[in-house]
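Descriptive structure summary
Given next are the chains, with one letter for each unit.
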Amino acid sequence: MMRNDDATYLWHPFTQAQTAPPPHIFVRGEGARLYDDTGRSVLDLISSWWVNLHGHAHPVIAAAIAEQAQRLEHVLFAGASHPTAIAYAKTLVDCLAPPLRRLFYSDNGSTAVEVALKIALQYWQNRGVRRRQRMLAFDGGYHGDTLGAMSVGRSSSFFRPFSSWFFPVDITRYASQSGEQDIEAQERRALHELDRYLAHYGNDLAACILEPLVQGASGMRMARPSFVRDVAERVRATGALVIFDEVFTGFGRTGTLFAYQQLDFVPDLLCVAKGITGGFLPLAATIATEEIYEAFLAPNAERAFLHGHSFTANPLGCAAALASLALFESEATFERISALTEIHRRELPRLAALPGVRRTRFCGSIAAFELEAHPDEIARFAEQMYATDVLIRPLERTIYLVPPYCLLPEDLRRVYALMARALRA
Ligand SMILES: *Cc1c(COP(=O)(O)O)cnc(C)c1O
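This one's a predicted model, so the numbers in the text were calculated from it and none came from an experiment.

1. Describing the overall build of the protein
- Counting its regular elements, the protein contains 13 helices and 16 strands.
- Relative to the compact-globule value of 22 Å for 425 residues, the protein shows a C-alpha radius of gyration of 22 Å, a close match.
- Out of the 425 residues in the protein, the part that is buried amounts to 53%.
- Taking as baseline every contact in the protein between residues at least 6 positions apart, the subset at least 24 positions apart corresponds to 72%.

As structure tokens, this is what we get:
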């Protein structure tokens, strides 16, 4: 019945309904586990598309939302504010390096990116620097599915039908440990290409956007911190703004609260979403330096940033975000993340010895490898994992684990054992 209604009424994201198997229908979640309508349960090793941090239906976050819902469910955010949005902005900004000071709320990763792109473009206009109009992004970058976000993520194969609608964006080479070539050679080539580009267009560049340390959607492509820093410093040296899209890498995924904290480099604009509410509600933020904010001040409306969404700074989302951030301390989350990292470090080399497994890699809580196999075999591998207790969702040939931080070390070790067994079969 429920399955028929799903097939009759719903249009699922990123899904070819004609060939896809019917979706799992999950009725409950607790900790790292999801329970489906057939009475089975699985460990959620994709953190529900990378949004969950502390586990499903976490009682502390659930209670914070319930409490907020009974006090103030929503209020507009222009000419108005509310205590939960103020408290979260202050708490998050206190976790960031000092130049990042001004938080602009929106409601998902794509809008956090759109906001950063629009702020960057208007920033130069407000300052009277008309020629800085170009945008630079990286090959393999993914920044969301709205038109501006697609334009800076144009190398993604998802976007082919819209290519004639893309805004002009320049794309430069990325260097990752999942690449075919040796990493030093890739980095040299990428930096050389970037230098040539910047020599030509450095003075026309408004901003450069990139995912620091890990390009998520294009296949968990992990870069070395020194490379990301070199890129960011070169862009900054031209005077252009640097935007870090930490929609995926934020909130502990890479082992620090934000990936930029491993780089010795602070971006001008920081985009966060996905994990921000611990996986409970849609919310996002774009954090800018005070200097950028000041370029929007004027005695008239002309220079103001005229952008907003109906649900900007939704109080329920802000309450969840505050509760989620507090859990990092009360649940010693970074210790949990290090324990998961250590297991990746120990287990991945063993997987690497299995047939078809290539380029094993990890960064903080994220682990990935390539599986050289036919797409049907990869689908069978994922089904086999589900049948033996684990939900994964390969990105083409990339098999990855993005565990919720509450996953017990023994459960992660068991996931590796189950993967090894399925790979051997
Ligand atoms: C998922 C993602 C986005 C888009 O976020 P949505 O909430 O899906 O719109 C943007 N950037 C990165 C790096 C992402 O991983």
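That shown, we press on.
2. A word on helix α7 (residues 183-201)
- Between its first and last C-alpha, α7 extends 26 Å over 19 residues, near the 27 Å set by a 1.5 Å rise per residue.
- Turning to α7, its buried residues number three or more, namely I183, Q186, E187, A190, L191, L194, Y197 and L198. Relative to the axis of α7, the buried residues are bounded by an arc of 125 degrees and lie together on one face. Across α7 from its buried face, at more than 90 degrees, point the exposed residues R188, R196, A199 and H200.

3. Considerations on the site of the ligand
- Taken together, W50, N108, G109, S110, Y142, H143, G144, E211, D245, V247, F248 and K274 make up the full set of residues adjacent to the ligand.
- One of the side-chain nitrogen or oxygen atoms of D245 is found 2.7 Å away from a nitrogen atom of the ligand.
- One of the side-chain nitrogen or oxygen atoms of K274 is found 2.6 Å away from an oxygen atom of the ligand.

4. What to know about the pattern of salt bridges
- Taken as a whole and judged by the stated rule, the model has 22 salt bridges.
- A salt bridge links E331 to R336, with the shortest nitrogen-to-oxygen separation between them at 3.5 Å.
- One connected set of salt bridges, linked through shared partners, spans R33, D389, D411 and R414.

5. Observations concerning the pairing of strand β12 (residues 284-289)
- The element β12 is extensively covered by neighbouring structure, given that six of its six residues are classed as buried.
- Sheet topology note: the strand β4 (residues 100-106)/β12 ladder contains six bridges and is antiparallel. From the neighbouring strand, L100 faces β12, where its bridge partner is T289.
- Bridge count between strand β11 (residues 269-272) and β12: four bridges; the pairing is antiparallel.

6. Quick word on the domain arrangement of the protein
- Under the domain assignment used here, the protein contains domain 1 (2-54 + 332-424) and domain 2 (63-329).
- Taken residue by residue, the interface counts 28 residues in domain 1 and 31 residues in domain 2.
- Buried surface at the junction of domain 1 and domain 2, summed over both partners, amounts to about 2,400 Å²; 64% is from carbon and sulfur atoms.
- Here domain 1 is connected to domain 2 by zero salt bridges.
- Put simply, the parts of the chain that give the side of domain 1 that touches domain 2 at least two residues each are α2 (47-50), α11 (333-352), β13 (357-363), β14 (366-371) and β16 (398-401).

7. Section: the sheet that holds β16
- Reading across the sheet, the three strands line up as β13-β14-β16 and stay open at both edges, with antiparallel pairing between neighbours. The sheet is open, and its two edges are formed by β13 and β16, each paired on a single side. Ignoring which end each strand starts from, the neighbouring axes of this sheet average 15 degrees apart.
- Looking at chain direction, β14 and β16 are connected through four bridges and run antiparallel. Each residue of the ladder has a partner; that of E370, found in β16, is T398.

8. Observations regarding the sheet that holds strand β15 (residues 390-391)
- Strand order in the open sheet made by the four strands is β1-β2-β3-β15, with mixed pairing throughout. At either end of the open sheet lies a strand with only one pairing partner, and these are β1 (26-30) and β15.
- Inspection of the sheet shows strand β2 (residues 33-36) paired to strand β3 (residues 41-44) by three bridges, in the antiparallel sense. Pairing of R33 across the sheet is with L43, part of β3.
- Sheet strands in contact with helix α13 (residues 409-424) are β2, β3 and β15, and its direction is about 100 degrees off that of β3.

9. A few points about a nonpolar patch on the surface
- Together, L147, F162, W165 and F167 line one region of the surface with nonpolar side chains, adding up to about 440 Å² of accessible area.
- Looking at the element boundaries, L147 is found in helix α6 (residues 147-152).

10. Here's the deal with helix α12 (residues 375-387)
- The terminal C-alpha atoms of α12 lie 18 Å apart, and with 13 residues this matches the ideal 18 Å at 1.5 Å per residue to within 8%.
- Listing the buried residues of α12 in full gives I378, F381, A382, M385 and Y386. Down the axis of α12, the smallest arc covering the buried residues is 140 degrees, so these residues share one side.
- Count one or two residues on from α12 and you reach D389, which has phi positive near 110 degrees.

11. Quick word on the packing of helix α4 (residues 83-94) against helix α10 (residues 315-330)
- One can describe the packing of α4 onto α10 by two numbers: an axis separation of 9 Å at closest approach and a directional angle of 35 degrees. Read as a crossing pair, α4 and α10 show a hand that is left-handed. Of the residues in α10, those in contact with T84, A85, A87, Y88, T91 and L92 of α4 are P315, C318, A319, A321, L322 and L325.

12. Here's the deal with the environment of I65
- Of note, I65 is situated in helix α3 (residues 59-71).
- Since its relative accessible area comes to 15%, I65 is described here as buried.
- Counting along the chain gives 249 residues from I65 to N314, while the straight-line C-alpha distance between them is 11 Å.
- Every residue in contact with I65, bar those within four places of it in the chain, is listed here: F280, L281, L316 and A320.

Cut-offs and rules
- Residues numbered from 1 in each chain as written.
- Predicted model: local features only at pLDDT ≥ 70, side-chain atom pairs only at ≥ 80, totals over all residues.
- Heavy atoms only, no water.
- Helix = DSSP H or I, 4+ residues; strand = E, 2+ residues; numbered from the N terminus.
- Rg over C-alpha atoms; globule rule 2.2 N^0.38 Å.
- Buried < 20%, exposed > 50% of the residue type's maximum accessible area, 1.4 Å probe, protein only.
- Contact = heavy atoms within 4.5 Å.
- Expected span 1.5 Å × (residues − 1).
- Arc of directions from axis to C-beta.
- Near = heavy atom within 4 Å.
- Polar contact = N/O pair within 3.5 Å; in protein donor to acceptor, adjacent residues only side chain to side chain.
- Salt bridge = Lys/Arg side-chain N within 4 Å of Asp/Glu carboxyl O.
- Pairing = 2+ DSSP bridges.
- Domains from an automatic or database assignment.
- Buried area = accessible area lost by both parts, 1.4 Å probe.
- Axes fitted to C-alpha atoms, helices over the stretch in contact; angles between N-to-C directions.
- Patch = residues over 30% accessible without salt bridge, like charges linked within 9 Å, V, L, I, M, F, W, Y side chains within 5 Å.
- Areas by Shrake-Rupley, 256 points an atom, 1.4 Å probe, with all protein chains shown as cover.
- Left-handed = near helix turned anticlockwise from the far one by under 90°.

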